[in-house]
Amino acid sequence: MTEALIVTALLLVAGSATAAVAVRDPVRQSLVLAVLGVVLAVLFTVLQAPDVALSQLAVGSALTPLLLLLTVRKVRRRGQRAAGGGGGSDGRRGGGSGP
Amino acid sequence: MSPRMRLWLVATGGAGLAALLVAACLDLPRFGGDRHPYGDQAVEASLSRHTANTVASVTFDQRAFDTLGEMSILFAAVLGSVVLLRQTRDEHRARPEPAAVSRPVRRYALLVLPVALLTGLYVVAHGQVSPGGGFQGGVVAATALHLLYLGADYRALERVRPIAPYEAGDALAASAYLVTGLAALLAGSAFLANTLLPYGTFNTLASAGTVPLLNAAIGMEVACAVVVLLAGFLDQAVEIVDEGEHDDGEYHDDPRQRGK
Amino acid sequence: MTALTHVLPYLVAAWVFLAGCYGLATSRNLIHAVGCLSVCQAATYVLLLAVGYRDGATAPVFSDLAPGSRPVVDPVVQALALTDVVVGATVTALLLALVVQVAKRHGTVDPDELSELRG
């Protein structure tokens, strides 16, 4: 039973980590990273590490995605000018998304 | 270097690394094995110092010096971010408009805020007894404060969160950790050794000697650090506008904008 | 099946690490690259906790457990992972602050365009 739980959690971690890398748009990526944070917290709980799970839950599901989103917002506000002023790249140049 | 060439380099390097990692994985002691000499020693030491949460004992007692190093990394990272995100001369502040918040969001955010804040403080305070401690509780308490941004608006958040005291608190907590370490030195034992206070009764709040003190210092440091960091990023994302920026409908002195 | 589960956690850690590295190398956006770096960090936590796990053991917290009554997992690796989770987040913040500065100075966050700028 425990073994099945651990294997499931491990596969979920591998899957969501792959998705977090494959998603190229930083906004979507930060949401996938939040999911990865929650899945990691579940894995750590199953591995009998409640301390680490707690800190992963606080950091991985809230703090890191929030910081990423705020950076995207800042960079995009600048990027609007670059796009209006004749080309140049900005945060929106995400390309294809999805795994 | 051409992108094609670089992809080749990444592929060969990655394949080599993958082969080495798999070889190492196959050679590691099997997952779930029964031999954990360091773990057993750590549990023994923790119990001898009346610390119910062994992880807290490892972090703040047996490896307190290592935590001092981690804390300095945290402090330096926050310092660097504050310097990088400060308002420069060619930037000005635009007052963000108070945004309309839908009633349920406001109600639940303001309802959850005190609960989350209290949870964070509880987690810090019970670090030596139950899972938790300064690192986790600090993050929870600091992010809980930002529910105010969700439930009210940016100006309300700025009012309860003047940055200067939090920056001072960060430095104060870091020095409190150092002073606790030095106090042990003055009392005639090693730096950061847990010999200063009586070990107390097992499984109560007043147990584990200096662990609760160091734990509280780290909790304060982490909470202040997260508040300061988020404040820097929020300022950049919401308030600070430099001349190249296109902001959403606020007043603006940029001639390029006026020309449009 | 059991032979696989004896190494599966280590292999998952290796996979997550390599996936993060691939994302870092091929990223076209510095913000995305910082996200990939935090995926790499997650791999180290998985590896550390996998090394410390013990079959049939419980968490190393004795507030509701008589000492010696049950085996517990290794607390040392947990302490290592625990501090790094929080410290790693502040380092991520530092990197993102650098990205904001890069965007301000050069007007782009695409690493390829940045190296072209340098000439």
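What you are looking at is a predicted structure, and each value in this text was computed from that prediction instead of being measured.

The rules behind each value
Residues numbered from 1 in each chain as written. Chains lettered and ligands numbered in written order. Predicted model: local features only at pLDDT ≥ 70, side-chain atom pairs only at ≥ 80, totals over all residues. Helix = DSSP H or I, 4+ residues; strand = E, 2+ residues; numbered from the N terminus. Buried ≥ 20, exposed ≤ 12 C-beta atoms within 10 Å, placed from the backbone. Contact = placed C-beta atoms within 7 Å. Rg over C-alpha atoms; globule rule 2.2 N^0.38 Å. UniProt positions renumbered as here; feature names shortened; annotations may be inferred. pLDDT = per-residue confidence, 0-100. Axes fitted to C-alpha atoms, helices over the stretch in contact; angles between N-to-C directions. Parallel < 35°, antiparallel > 145°, perpendicular 65-115°, else oblique. Left-handed = near helix turned anticlockwise from the far one by under 90°. Nonpolar A, V, L, I, M, F, W, Y, C, P; charged D, E, K, R; others polar. Expected span 1.5 Å × (residues − 1). Bend = angle between axes of the 7 residues up to and from the residue. Core = buried A, V, L, I, M, F, W, Y, C linked by C-beta atoms within 7 Å.

1. Things to note about the overall build of chain A
A tally of regular secondary structure across chain A gives 3 helices and 0 strands. Along the chain direction, N to C, the helices and strands of chain A fall in the order α-α-α. Among the 99 residues that make up chain A, the fraction classed as buried is 58%. Sequence-distant contacts, at least 24 apart, represent 50% of the contacts inside chain A between residues at least 6 apart.

2. With respect to the overall build of chain B
Helices and strands together make up the secondary structure of chain B, namely 11 helices and 2 strands. Moving toward the C terminus, one meets the helices and strands of chain B in the order α-α-α-α-β-α-α-α-α-α-α-β-α. Relative to a compact globule of 260 residues, whose C-alpha radius of gyration would be 18 Å, chain B shows 24 Å and is clearly more extended. Taken over the C-alpha atoms alone, chain B extends approximately 75 × 55 × 40 Å along its principal axes. The 260 residues of chain B split such that 37% are buried.

3. Some details on the UniProt feature "transmembrane region" (unreviewed entry) in chain B
All names here are of chain B. Within this numbering scheme, the UniProt entry marks residues 68-87, 108-127, 133-150, 171-193 and 213-234 as carrying the feature "transmembrane region" (unreviewed entry). A helix fraction of 85% and a strand fraction of 0% characterise residues 68-87, whose end C-alpha atoms lie 31 Å from each other. Between the C-alpha atoms that bound residues 171-193 there is a distance of 22 Å. The span itself is 70% helix and 0% strand.

4. Overview of the confidence of the model for chain B
Residue and element names in this part refer to chain B. Per-residue confidence for chain B averages 81 on the pLDDT scale, and 92% of its residues sit at or above 70. Of all the helices and strands in chain B, helix α11 (residues 255-258) carries the lowest mean pLDDT, 39, while helix α4 (residues 64-84) carries the highest, 89. Low pLDDT, under 50, characterises residues 247-260; the stretch is placed with 7 contacts to residues that sit more than four places away or in other chains. The complex model carries a pTM of 0.84, and its ipTM stands at 0.85.

5. Here we look at the packing of helix α1 (residues 2-22) of chain A against helix α2 (residues 26-46) of chain A
Residue and element names in this part refer to chain A. As a packed pair, α1 and α2 sit with axes 9 Å apart at the nearest point and diverge in direction by 160 degrees. Classified by the angle their axes make, α1 and α2 are roughly antiparallel. For α1 against α2, the interelement crossing comes out left-handed. Taking contact as the criterion, the partners of L5, I6, A9, L10, L12, V13, S16, A17, A19 and A20 in α1 are, on α2, Q29, V32, L33, V35, L36, V39, L40, V42, L43 and V46. Here the residues of the contact of α1 with α2 sort into 18 nonpolar, 2 polar and no charged.

6. Comments concerning the interface of chain C and chain B
Think of interface size as the accessible area that goes away when the parts come together; that is how it is often given. In this complex, chain C contributes 41 residues to the contact, which on the side of chain B involves 47 residues. Where the side of chain C that touches chain B is concerned, the elements lending two or more residues are α1 (2-26), α2 (30-52) and α3 (75-106) of chain C. Tallying contributions element by element places α3 of chain C first for the side of chain C that touches chain B, with 17 residues. When grouped by side-chain class, the residues that make up the side of chain C that touches chain B number 29 nonpolar, 8 polar and 4 charged.

7. So, α1 of chain C
A rise of 1.5 Å per residue sets the reference length of α1 of chain C, with its 25 residues, at 36 Å; its end C-alpha atoms lie 36 Å apart and thus fit the reference within 8%. At L8 of chain C, α1 of chain C shows its maximal kink, close to 45 degrees; a proline, P9 of chain C, follows between one and four residues later.

8. Digging into helix α10 (residues 211-239) of chain B
For α10 of chain B, spanning 29 residues, the distance from its first C-alpha to its last is 40 Å, which sits close to the expected 42 Å at 1.5 Å a residue. Among the 29 residues in α10 of chain B, 25 count as buried, and that is most of the element.

9. As for the nonpolar core
Membership of the largest hydrophobic core comes to 134 residues, with the highest contact counts inside it found for V13 of chain A, V226 and V227 of chain B together with A13, V16, V46 and L49 of chain C. Here this core takes 19 residues from α10 of chain B, the largest share from any one element. Each residue touching V16 of chain C, except ones within four places of it in the same chain, is listed here: V13, A14 and A17 of chain A together with V39, A42, A43 and V46 of chain C.

10. Considerations on the environment of G23 of chain C
For G23 of chain C, the position within the fold is in helix α1. The class for G23 of chain C is buried, based on 24 C-beta atoms found within 10 Å. Along the primary structure G23 of chain C and P9 of chain C are separated by 14 residues, whereas in three dimensions their C-alpha atoms are 21 Å apart. With near-sequence residues (within four places) excluded, G23 of chain C lies in contact with V21 of chain A together with C36 and V39 of chain C.

11. A short note on the UniProt feature "domain: Na+/H+ antiporter MnhB subunit-related protein" (unreviewed entry) in chain B
Following the UniProt record, one finds the feature "domain: Na+/H+ antiporter MnhB subunit-related protein" (unreviewed entry) at residues 106-227 of chain B. Across residues 106-227 of chain B one finds 70% helix and 0% strand; the C-alpha atoms that close the span lie 21 Å apart.

12. A few points about the UniProt feature "domain: MrpA C-terminal/MbhD" (unreviewed entry) in chain A
Under the UniProt annotation, the feature "domain: MrpA C-terminal/MbhD" (unreviewed entry) is placed at residues 11-77 of chain A. As annotated, residues 11-77 of chain A comprises 91% helix and 0% strand, and the C-alpha atoms at either end are separated by 38 Å.

13. Focus: the packing of α4 of chain B against α10 of chain B
Residue and element names in this part refer to chain B. For the pair α4 and α10, the least separation of the axes is 10 Å and the interaxial angle reads 20 degrees. Classified by the interaxial angle, the pair formed by α4 and α10 is roughly parallel. The hand of the α4/α10 crossing is left-handed. Counted together, A64, M71, L74, V78, S81 and V82 of α4 and L214, I218, E221, A225, V228, L229 and G232 of α10 form the full contact between these two elements. Residue composition of the contact of α4 with α10, by class: 10 nonpolar, 2 polar and 1 charged.

14. A short note on the confidence of the model for chain A
Close inspection of predicted coordinates is inappropriate for parts of the model with low pLDDT. Overall, the prediction assigns chain A a mean pLDDT of 79, with 78% of residues at 70 or greater. Across chain A, element-level confidence peaks in α2 of chain A with a mean pLDDT of 92 and bottoms out in helix α3 (residues 50-84) of chain A with 81.

15. Looking at unusual backbone geometry
Although it is not a glycine, Q48 of chain A sits at a positive phi angle of roughly 65 degrees. Note on placement: Q48 of chain A falls in the loop between α2 and α3. Assessed through the 22 C-beta atoms surrounding it within 10 Å, Q48 of chain A is described here as buried. The backbone phi angle of H50 of chain B is positive, close to 60 degrees, even though this residue is not glycine. Turning to its location among the elements, H50 of chain B is positioned in the loop between α2 (37-48) and α3 (54-62).

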